[in-house]
2 protein chains.
Amino acid sequence: MEAFAGVRVARDVLEGYCVTLLASFGANEEAARACARALAEASSRGVDTHGVRLLPLYVQWIKAGRLRTDAVIKFERRAPSLGVVDAGGGFGHPASYRAVDEAMALAAEAGVGCVAVHSTSHHGATGTYALHGARKGFVVLGFTQSGPGVVLHQGRQAFNGTNPIAFAVPLENEDPMLLDMATSSIPLNRIYLRRDTGVPLPPDVAVDAEGAMTTDANRAEALLPLGGVEYGYKGAGLATMVELLCTMFTGTPAAISLPSFNDVSRGAPSPLGHFFMAIDGARYRGLSALTEASTGLVSRLRSSEPRAGASVLAPGDPEKAEKASRDRDGIPVDNATWQRLAELAAEKRVAVPAV
Amino acid sequence: MEAFAGVRVARDVLEGYCVTLLASFGANEEAARACARALAEASSRGVDTHGVRLLPLYVQWIKAGRLRTDAVIKFERRAPSLGVVDAGGGFGHPASYRAVDEAMALAAEAGVGCVAVHSTSHHGATGTYALHGARKGFVVLGFTQSGPGVVLHQGRQAFNGTNPIAFAVPLENEDPMLLDMATSSIPLNRIYLRRDTGVPLPPDVAVDAEGAMTTDANRAEALLPLGGVEYGYKGAGLATMVELLCTMFTGTPAAISLPSFNDVSRGAPSPLGHFFMAIDGARYRGLSALTEASTGLVSRLRSSEPRAGASVLAPGDPEKAEKASRDRDGIPVDNATWQRLAELAAEKRVAVPAV
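Being a predicted model, the structure only gives us computed values, none of them experimental.

Analysis parameters
Residues numbered from 1 in each chain as written. Chains lettered and ligands numbered in written order. Predicted model: local features only at pLDDT ≥ 70, side-chain atom pairs only at ≥ 80, totals over all residues. Helix = DSSP H or I, 4+ residues; strand = E, 2+ residues; numbered from the N terminus. Rg over C-alpha atoms; globule rule 2.2 N^0.38 Å. Buried ≥ 20, exposed ≤ 12 C-beta atoms within 10 Å, placed from the backbone. Contact = placed C-beta atoms within 7 Å. Pairing = 2+ DSSP bridges. Axes fitted to C-alpha atoms, helices over the stretch in contact; angles between N-to-C directions. Least-squares fit on C-alpha atoms with pLDDT ≥ 70 in both. Right-handed = clockwise from strand over helix to strand, strands pointing away.

**Q** So what's going on with the overall build of chain A? Residues and values would help.
**A** A tally of regular secondary structure across chain A gives 11 helices and 13 strands. Here the C-alpha radius of gyration of chain A, 20 Å, is about what a compact globule of 355 residues would show, namely 20 Å. Principal-axis analysis of the C-alpha atoms places the extent of chain A at approximately 50 × 50 × 45 Å. Here chain A holds 355 residues, and 59% of them are scored as buried. A separation threshold of at least 6 residues defines the contact pool for chain A, and within that pool the share at least 24 residues apart is 64%.

**Q** Which residues make up the environment of A:Arg66, and what values go with them?
**A** All names here are of chain A. Among the structural elements, Arg-66 can be located in the loop between helix 3 (55-64) and strand 2 (74-79). Using a count of 22 C-beta atoms within 10 Å as the deciding quantity, one classes Arg-66 as buried. Spatially, the C-alpha atom of Arg-66 lies 8.8 Å from that of Ser-121, the residues being 55 residues apart in sequence. Beyond its immediate sequence surroundings of up to four residues, Arg-66 is in contact with Trp-61, Val-264, Arg-266, Ala-268, Pro-269 and Ser-270.

**Q** If you had to explain the sheet that holds strand 3 (residues 82-86) of chain A to someone new, which residues and values would you point to?
**A** Residue and element names in this part refer to chain A. Strands sit in the order 2-3-4-12-5-8-9 across an open sheet of seven strands; the sheet is mixed. Of all strands in the sheet, those with a lone pairing partner are strand 2 and strand 9 (174-181), marking the two edges. For this sheet, the mean inter-axis angle between neighbouring strands, taken without regard to orientation, is 15 degrees. In this sheet, strand 8 (residues 165-171) lies alongside strand 5 (residues 139-144) in antiparallel orientation, the contact comprising four bridges.

**Q** Outline the relation of the copies chain A and chain B, supporting the account with residue identities and numerical values.
**A** Of the transformation superimposing chain A on chain B, the axial component is 0.0 Å and the angular component is 180 degrees, with the fit at an RMSD of 0.0 Å. Read as a symmetry element, the transformation amounts to a two-fold axis. Distance from the rotation axis, computed per C-alpha, reaches its smallest value in chain A at A:Gly227: 2.6 Å. Interface overlap between copies is the fraction of interface residues in one copy that are interface residues in the other; for chain A against chain B it reaches 100%, indicating a shared surface.

**Q** Give a detailed account of the pairing of strand 4 (residues 112-120) of chain B, specifying residues and quantitative values.
**A** Residues and elements named next belong to chain B. Most of strand 4 sits inside the fold, with nine of its nine residues counted as buried. Relative to strand 4, strand 3 (residues 82-86) runs parallel, the two sharing five bridges. Residue pairing across strands places Gly-83 opposite Val-115, the latter belonging to strand 4. One crossover worth recording links strand 3 to the parallel strand 4 by way of helix 4 (residues 92-110), and it is right-handed. As judged from the seven bridges shared by strand 4 and strand 12 (residues 272-279), these two strands associate in the antiparallel manner. Paired with Val-117 across the strands is His-274, a residue of strand 12.

Okay, structure coming up:
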């Protein structure tokens with residue numbers, strides 16, 4: 001962990017700055033608002049990898065034609081509990097908020113709503129959308145494919161993305177419980193960071209070009225799935241489940257045909273798929289019985305005896321603690337990111353907020 | 001792997017024998033047929049841990065009053081795409097087949113069907129029911145809680161069960177793809193087996209009474225979640241997701257209040273929860289477009305380049321190979337299991353099939 005060097009910005013100020021920047025580069029209002037909201041939400045929960053530091057990359061994508069700024073999001077109902085969102089080659093964030101909203105509308109009628117999203121793009125942290133739905137009382141599952149970076153079990157080429165699974169459940173008197181996990185042990189950018197710092201990678205998380213386990217970040221070509229060399233068939237199986245849910249309903253291409261995150265050479269949208277599911281669990285015994293049960297389990301989990309020197313936390317607890325601190329003290333933005341945002345602001349004569 | 005010593009029995013003969021045995025101990029016809037079918041199905045796919053070797057344990061449960069033989073399974077629709085099965089304290093197998101059948105019926109109308117099962121018991125391999133639905137053209141997810149055996153991340157007491165996730169998808173011209181995985185790295189009975197054989201456990205899969213990693217099967221008290229000491233928060237998070245899906249809709253108690261697998265001291269049903277979801281994916285673009293996509297991904301996955309000396313397989317491929325061999329040559333039943341079945345047969349004057 002590096003010492004933090006940067007500024008602290010109140011969430012609403014940071015979010016407003018992001019809206020203005022995105023709009024100045026041509027994003028339509030819905031996209032600018034949804035993207036800024038999702039990035040600020042992730043940053044506010046301490047998920048900095050999926051927070052405002054992504055904005056300059058999205059601007060690069062707009063400039064290169066990888067993101068359509070004039071995309072019109074379309075929703076179509078296919079059955080009482082099934083629908084599809086066409087993101088039109090634009091931002092994944094407004095498409096994902098829309099998908100969860102539509103899934104909840106279906107669930108409010110039918111009990112469950114599933115919405116597949118196609119022709120979409122990166123949407124930041126998948127958990128953002130699961131949380132959005134759970135805050136309204138629904139049990140939400142969210143999945144997204146992503147560019148290839150993870151080998152299959154015993155494979156030597158990157159096949160799946162880090163393909164996360166998000167699951168959010170309402171709780172009594174606190175923000176929902178959120179599990180938001182990649183199906184690899186570590187994120188891809190941990191490799192890039194370790195190339196810079198020279199610190200070896202932990203064992204059992206990455207492979208070289210031959211598919212052999214390596215701790216040398218400079219030799220690491222791809223990630224091992226969760227479970228590592230021995231049990232990676234489980235992580236790879238989960239990644240394949242995510243990949244299928246995000247592609248097979250809509251005919252979206254497999255991750256292996258997608259360009260990498262930083263590739264803007266194609267000059268055209270790189271169509272991604274997501275999949276969301278909302279369950280109106282209140283239909284079983286009412287919402288308060290459901291949250292009593294979920295809160296009861298989470299509470300027993302938190303009071304489960306830890307091994308010496310450790311603590312037992314529920315999924316999302318570290319982010320909740322971080323959010324409380326950031327809501328109070330502002331969101332820390334590192335100097336490099338703050339500088340990149342300022343350069344974009346200068347390019348479009350946007351005012352940089354005083355901090 | 002021990003050399004196999006036992007008999008080989010044709011599936012239909014083995015299944016019929018199981019039906020007769022279960023019925024002779026009082027299981028009603030629906031329960032006897034469903035349980036025998038599920039056990040024979042698991043055995044036919046090489047999932048011997050969840051196959052016919054479980055039958056003597058179920059008989060012990062019947063004798064002790066842990067399984068009700070006169071249970072009447074009830075289904076209730078709660079919304080166009082939501083339902084609940086009350087298993088009445090009886091076998092989990094007929095309740096789970098019923099739940100998937102009802103989930104498919106809901107999905108045929110609404111597009112998706114979710115069915116929560118309560119007052120149920122062990123149902124063998126969860127994948128059996130996902131496969132059952134996918135063979136009829138649905139995308140099926142299945143979850144079950146199980147008695148406590150897995151610590152939380154950094155915990156020292158068994159909190160969750162091995163809480164499996166099953167996911168099955170129809171393919172063209174072959175049995176569906178099935179992912180059926182516990183959310184721990186290894187099954188609990190691997191510890192018991194290693195206590196007998198004296199072979200050390202692999203690293204990073206089990207903990208002692210203090211919650212510290214151990215490879216000594218005699219000191220092992222519980223399993224680590226998938227991801228081990230470092231990344232076990234992911235496996236624990238998945239187990240918690242399964243636990244919530246299986247309990248919160250119906251008010252089923254948490255795994256931590258359940259007796260262990262072998263405990264029959266209570267003399268009453270030990271009410272478990274399952275959760276099933278069927279998606280009628282054909283509603284998006286028709287079934288053949290869906291299976292073209294799923295088959296295409298599985299086929300690319302299988303042809304992904306392996307690391308030296310290894311091979312890349314799709315989820316469920318090893319079981320498919322085993323099933324082909326067992327369909328041809330019969331299901332191998334080890335001597336100890338065959339002997340236990342024969343003792344039960346003798347007790348009720350049931351004829352033992354000639355092998």
